[in-house]
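# Examination of the molecular architecture
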Amino acid sequence: AKAYDAQNLNYDAKMDEFAFWNVELDTNDINEIYNSVVNDDIVLDLTKNSGGYDKSGSLTDYFRFEGGTTVKNEGSRTTAATVNGATFITDDIPS
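In this text, all values refer to a predicted model and were calculated from it rather than measured experimentally.

### Regarding the nonpolar core
Judged by nonpolar contacts, Ala19, Leu44, Leu46, Tyr53, Leu59 and Tyr62 together constitute the single largest core of 6 residues. Discounting chain neighbours no more than four positions away, the residues touching Leu46 are Ala19, Trp21, Ile33, Tyr53, Ser56, Leu59 and Tyr62.

Next comes the structure, spelled out in C-alpha cells:
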C-alpha cells in the first residue's frame, strides 16, 4: 500500500509532528533535534534556539499533532492545518 496517494491527497501513515525551514539544517541542528527525543517525547521546542540548534528564525511551518480537527502552525507562516479522517493514537510507535 502507498503511504501517500497524490491523486486523492491522502497520507496513510503514522506521524507525530513535522516542520519545514526555509534554510538547510546543518549537522549541529540535526543532532540537537535527534538527540532531544527522550522516551519517544520531543523535548526540544523548535520555535526556540537551544544548544546546537539555531534555526528557529527560519522555521516556516511546525505542526504538532495533539488531537482535534485543526492543527496550529507554530512556524512563521502560522496557517493552521485541517485534519480530515485521522485517527489519533497515543501508543508508542516501534523504532
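So much for the structure itself; the text now carries on.
### Remarks on the packing of aromatic side chains
In the structure shown here, the tally under the stated rule is 2 aromatic pairs. Judged by centre distance (5.5 Å) and plane angle (80 degrees), the rings of Phe18 and Phe20 are edge-to-face. The partly exposed category is assigned to Phe20, whose relative accessible area is 46%.

### What to know about unusual backbone geometry
Even without glycine at this site, Thr78 takes up a positive phi of about 55 degrees. Mapping Thr78 onto the fold places it in the loop between strand 7 (70-71) and strand 8 (81-82).

Thresholds applied
- Residues numbered from 1 in each chain as written.
- Predicted model: local features only at pLDDT ≥ 70, side-chain atom pairs only at ≥ 80, totals over all residues.
- Heavy atoms only, no water.
- Core = buried A, V, L, I, M, F, W, Y, C linked by side-chain atoms within 4.5 Å.
- Buried < 20%, exposed > 50% of the residue type's maximum accessible area, 1.4 Å probe, protein only.
- Contact = heavy atoms within 4.5 Å.
- Phe/Tyr/Trp six-rings, centres within 6.5 Å; stacked < 30°, edge-to-face > 60°.
- Helix = DSSP H or I, 4+ residues; strand = E, 2+ residues; numbered from the N terminus.

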